[in-house]
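Spelled out from the first residue to the last, the chains are:
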There are 2 protein chains.
Amino acid sequence: MTRKVGRIRDVASETGLSIATISRVMNGAKNVNPDTRKRVLDACKKLDYLPNPAARALSTSKSKTIAAIIPTIEHSVFAKYVAAIENTLAENGYSLVLAISKSDLEVELTAARKLLGMGAEAFILSGATHSSDLFDLFDRRGVPYVFTSVWDKDSTVPTIGYDNRSLAKQAVDYLKTKGHRSIAVLHGPAQESDRTLARIEGAKASGEDGLRLDFYETTLDVAGGKAAIHQALAISEDYTAALCFSDVLALGALFGLGEAGKSIPDDVSVMGFDNLDWSEAVVPPLTTINLPARQMGSTVASQLMDLLETGAPLMPTELTGKILERQSVVTLK
Amino acid sequence: MTRKVGRIRDVASETGLSIATISRVMNGAKNVNPDTRKRVLDACKKLDYLPNPAARALSTSKSKTIAAIIPTIEHSVFAKYVAAIENTLAENGYSLVLAISKSDLEVELTAARKLLGMGAEAFILSGATHSSDLFDLFDRRGVPYVFTSVWDKDSTVPTIGYDNRSLAKQAVDYLKTKGHRSIAVLHGPAQESDRTLARIEGAKASGEDGLRLDFYETTLDVAGGKAAIHQALAISEDYTAALCFSDVLALGALFGLGEAGKSIPDDVSVMGFDNLDWSEAVVPPLTTINLPARQMGSTVASQLMDLLETGAPLMPTELTGKILERQSVVTLK
DNA sequence: CTGTTAGCGCATTCAG
DNA sequence: CTGAATGCGCTAACAG
């Protein structure tokens, strides 16, 4: 394991130039003679030289690293989102370091400390609920951070995301417009996610006399959706629609309903949330709410890089979700 | 943005000790008086001191960072795997930097260069097909790397994964045992993945007279599975089984078959690959091959950390996949 | 356009 | 058990 990497001074002596000039070339400074530049570049290639990131970071106090802490990566909506962040950062020479919090505030705090100690210059957090120690940690060091997947115009911390409350309300309103008056709402663990909480609240806000809205909490996976719909059916056969706060749950509901001999959407309508990539391929194609996960990822990444490079302040931005009408919801006469 | 982070010398002057002692405490050296240690720790807390990672990396030439380059994160099997890597690394104070190659060798090479330039000390690669420049890059610097998701006992580069060829062969053998003689094999883009190629080869190896095995290539998503099964049905109505080289494809096949009025498994059996978390919740529960994605992630991570810490050589290790019999495959009389 | 010089913050000899 | 001194590799003024 002869770790023989070329150093800047090797390139300097190889070319007979000074290390300052090498540094200029490596950093794309314009005040370098084209010939000199070429000579340096050739020597770099020959010596297989790559600037030492630690030395560079130490000297500039910039690591070009941004951290994202997400509750889970095993839900496609996060995967899409993380992929978008990574893409955007990579295009600009930044790197993504990732930590998974399992929706646990303590785990998140520990991870943040570690990532800071790794040189992360900015943090992307999910949701708006975090340990106050976490904020202290960031604030004391002047490390910027953003909340994503949520939109709250009154938040002191910039949010970049969608309005979960409003979206859920729109979903219920939509179902009401379609004539549904008895709806089972399926959702994941509420105490693990303020997004879920906001959606529940939004749904309730659409309540009115003559509207029956029952909530079923379950695990956030297909099996959970299936179990929850069975449970709902056991409580009442009158539901004409199941509103699922994730497409994953909706897929489970589809299967559960099938097992119960219900046909979709004729017996029961099913509506999802997320617009995962398979939701259109499902039978019947799932009516759902498209969440701009990809756009959210690239927006967050760009803004953070801008802030780091130019000091441009973070712009809270609301991304709009949109109901995608497909075939899993029917109009009741 | 007053970036006022405490430095080691602040802690030193706060405690009246030398920076060497602070350093010792921060690195858990044992030759420090317990009282002194406590005094230092208190000061660290008070000053919110965290060692500067760049300085530390520069001084030790260790970044405690490991890179993984994966083709995509939007397929659950990778998500599970990445989560396992991250968990294992995090438990040991290491960080994961992630890059997504989109199955493009050039993108991969560029990403590797960037990650090296970020201080990654070891690389986790997917599959065995990579640019030779990539190997040069690593070899010249003595940076260790592993191939994952594949097992090849003859590979010069250590592999940690499962034998895709053998697993696919076992799948076909299994279907033959169940009496199937006409099988549609659905798979993703073959030129993008040597794992897919190996599976195709394995399936073919199980061929024999009287066995009809047709291959359908499609996109690696639910819509792809659906389209492919429709295509297969258009070519022949005689298939008694669909072997899908990913559960994602199998889910699509399930829906496609449903649309075509076929019932599963009575009219057509469906077999998957991966054992994604929803595959048991599907109706009917999917017979599939369990791939030890999680175990693979933690094994790779542990081995690489060991190598970095103690120099322990990488141990090529074969992880075993296993057929999970559920209800989507029926025995033909 | 190019060279010289001084740190960046820490780990690590070597003394004591 | 603790302190003083050196250098890790690079960038950023400042000269020239």
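Residues numbered from 1 in each chain as written. Chains lettered and ligands numbered in written order. Predicted model: local features only at pLDDT ≥ 70, side-chain atom pairs only at ≥ 80, totals over all residues. Heavy atoms only, no water.

Counting residues at the interface gives 57 residues for chain B, matched by 58 residues for chain A. Counting the surface lost from both chain B and chain A, the interface buries some 5000 Å², and carbon and sulfur atoms represent 61% of this. When the buried area of chain B at its contact with chain A is split by residue, D48, R141 and F255 of chain B rank highest and sum to 13% of it. At the surface where chain B touches chain A, the tally comes to six salt bridges. The salt bridge involving D48 of chain B is made with R140 of chain A; its shortest N-O contact spans 3.0 Å. Counting across the chain B and chain A interface gives 10 residue pairs in polar contact (both at pLDDT 80 or more). Broken down by secondary-structure element, the contributors of at least two residues to the side of chain B that touches chain A are α4 (53–60), α5 (76–91), β2 (95–100), α6 (105–116), α7 (132–141), α10 (222–235) and α11 (247–259) of chain B. Element by element, the count of residues in the side of chain B that touches chain A is highest for α5 of chain B, at seven residues. (Contact = heavy atoms within 4.5 Å. Buried area = accessible area lost by both parts, 1.4 Å probe. Salt bridge = Lys/Arg side-chain N within 4 Å of Asp/Glu carboxyl O. Polar contact = N/O pair within 3.5 Å; in protein donor to acceptor, adjacent residues only side chain to side chain. Helix = DSSP H or I, 4+ residues; strand = E, 2+ residues; numbered from the N terminus.)

Below, the discussion takes up the relation of the copies chain B and chain A. Relating one copy of the chain to the other takes a rotation about an axis and a shift parallel to that axis. When chain B is fitted to chain A, the best match, at an RMSD of 0.2 Å, comes from turning it 180 degrees and sliding it 0.1 Å along the axis. With respect to symmetry, the two chain copies, as superposed, fit the operation of a two-fold axis. Comparing interface residues between copies, 100% of those in chain B also lie at the interface in chain A; the contact surface is shared. (Least-squares fit on C-alpha atoms with pLDDT ≥ 70 in both.)

Here the domain parsing of chain A yields domain 1 (8–49), domain 2 (63–162 + 293–320) and domain 3 (164–290). Centre-to-centre, using C-alpha coordinates, domain 1 of chain A lies 61 Å away from domain 3 of chain A. (Domains from an automatic or database assignment.)

What follows covers the sheet that holds strand β7 (residues 212–217) of chain B. Residue and element names in this part refer to chain B. The four strands are arranged β7-β6-β8-β9 in an open sheet whose pairing can be described as parallel. Edge positions in the sheet fall to β7 and β9 (269–271), since each of these pairs with one other strand and no more. Each strand axis lies, on average, 20 degrees off the axis of its neighbour in the sheet, ignoring direction. Docked against the sheet, helix α8 (residues 164–177) engages β6 (182–187), β7, β8 (241–244) and β9, running at close to 165 degrees with respect to β8. Contacts from α11 reach β6, β8 and β9, with the element oriented near 160 degrees to β9. (Pairing = 2+ DSSP bridges. Axes fitted to C-alpha atoms, helices over the stretch in contact; angles between N-to-C directions.)

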